[in-house]
Amino acid sequence: MRGPSESALVDRLTEKGRSLGAREAEHREGLAEASACAQALHEQVARALDGFHQAAEAAGAPHLSVALSEVRTDDKHLRSVEFDVTRGRYKAIVTAKSRGDVTLVGPFRIGKTEGPCLTFPFEAGAELDEALIVFLEKFVEEAATP
């Protein structure tokens with residue numbers, strides 16, 4: 001069986017790139033705002049985890065290390081960005097959506113149903129800050145419980 005000629009394949013996917021690109025271009029500004037929000041939250045979480053790691057190591061438990069991913073396009077939603085924190089089978093996800101909100105997912109065990117989720121508008125300020133604290137505290141507690 002023969003597939004399409006290479007030029008037909010290139011032509012068709014080039015056209016598909018144009019049409020999908022045109023469709024998604026209207027979300028560029030919202031996605032840029034979501035990326036900026038996610039990057040700011042990522043930096044906060046990175047500083048908090050640095051403090052957690054230093055304190056855990058000083059207390060004699062360096063094995064409590066938690067991994068922080070980079071900000072990336074959301075695994076489920078094309079118009080969102082996300083990053084996650086993981087330790088072993090435990091995971092928590094921070095998602096910023098182009099429509100203007102942030103969702104904190106988890107913590108949960110990988111392979112199990114995600115949740116619970118809390119959603120805040122970008123401008124939630126202190127409410128989001130407090131929720132992020134509780135979210136990360138809950139994550140490290142669950143991830144460090146044998």
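Our structure is the block above this text.
Residues numbered from 1 in each chain as written. Predicted model: local features only at pLDDT ≥ 70, side-chain atom pairs only at ≥ 80, totals over all residues. Heavy atoms only, no water.

Asker: Explanation requested: unusual backbone geometry in the structure shown.
Answerer: Outside of glycine, negative phi angles account for most residues, and trans bonds account for most peptide bonds. The linkage connecting Gly-106 with the following residue, Pro-107, adopts the cis geometry, with an omega of 5°. The residue Pro-107 is located in strand 5 (residues 101–109) in this model. (Helix = DSSP H or I, 4+ residues; strand = E, 2+ residues; numbered from the N terminus.)

Asker: Is there a simple way to think about the pairing of strand 3 (residues 80–87) in this case?
Answerer: Strand residues, when the strand is regular, have side chains that alternate between the two faces of the sheet. Within strand 3, 7 of the 8 residues are buried, leaving the element largely enclosed by the surrounding structure. Relative to strand 3, strand 1 (residues 67–68) is paired through 2 bridges, and the arrangement is antiparallel. Each bridged residue has a counterpart across the sheet, and for Leu-68 the counterpart in strand 3 is Val-85. Relative to strand 3, strand 2 (residues 72–73) is paired through 2 bridges, and the arrangement is antiparallel. In the strand pairing of strand 3, Thr-73 is matched with Val-81. Connecting strand 2 to the antiparallel partner strand 3 that follows it, the hairpin turn spans 6 residues. Sheet topology note: the strand 3/strand 4 (residues 90–97) ladder contains 8 bridges and is antiparallel. (Buried < 20%, exposed > 50% of the residue type's maximum accessible area, 1.4 Å probe, protein only. Pairing = 2+ DSSP bridges.)

Asker: Please clarify how the side chain of Lys-97 should be interpreted in this entry.
Answerer: Here Lys-97 is to be found in strand 4. Despite its burial, Lys-97 pairs with no opposite charge, the nearest such side chain being Asp-101 at 4.1 Å. Engagement of the side chain of Lys-97 in a polar contact is seen with the side chain of Thr-103, the distance being 3.0 Å. When near neighbours in sequence (up to four residues on either side) are disregarded, Lys-97 contacts Ala-34, Arg-79, Ser-80, Thr-103 and Phe-122. (Lys, Arg positive; Asp, Glu negative; His and termini not counted. Salt bridge = Lys/Arg side-chain N within 4 Å of Asp/Glu carboxyl O. Polar contact = N/O pair within 3.5 Å; in protein donor to acceptor, adjacent residues only side chain to side chain. Contact = heavy atoms within 4.5 Å.)

Asker: What's the story with the nonpolar core in this structure? I'm lost.
Answerer: Within soluble globular proteins, side chains that are nonpolar generally end up buried alongside one another. Counting residues in hydrophobic clusters, the biggest one holds 27 residues, and the most contacted among them are Leu-41, Val-85, Val-94, Val-102, Leu-104, Leu-132 and Phe-139. Of the residues forming this core, the biggest block, 8 residues, is contributed by helix 3 (residues 126–143). Excluding residues within four positions of it along the chain, Val-94 makes contact with Leu-41, Val-81, Glu-82, Phe-83, Val-102, Thr-103, Leu-104, Leu-132 and Phe-135. (Core = buried A, V, L, I, M, F, W, Y, C linked by side-chain atoms within 4.5 Å.)

That is the geometry; function is a separate question.
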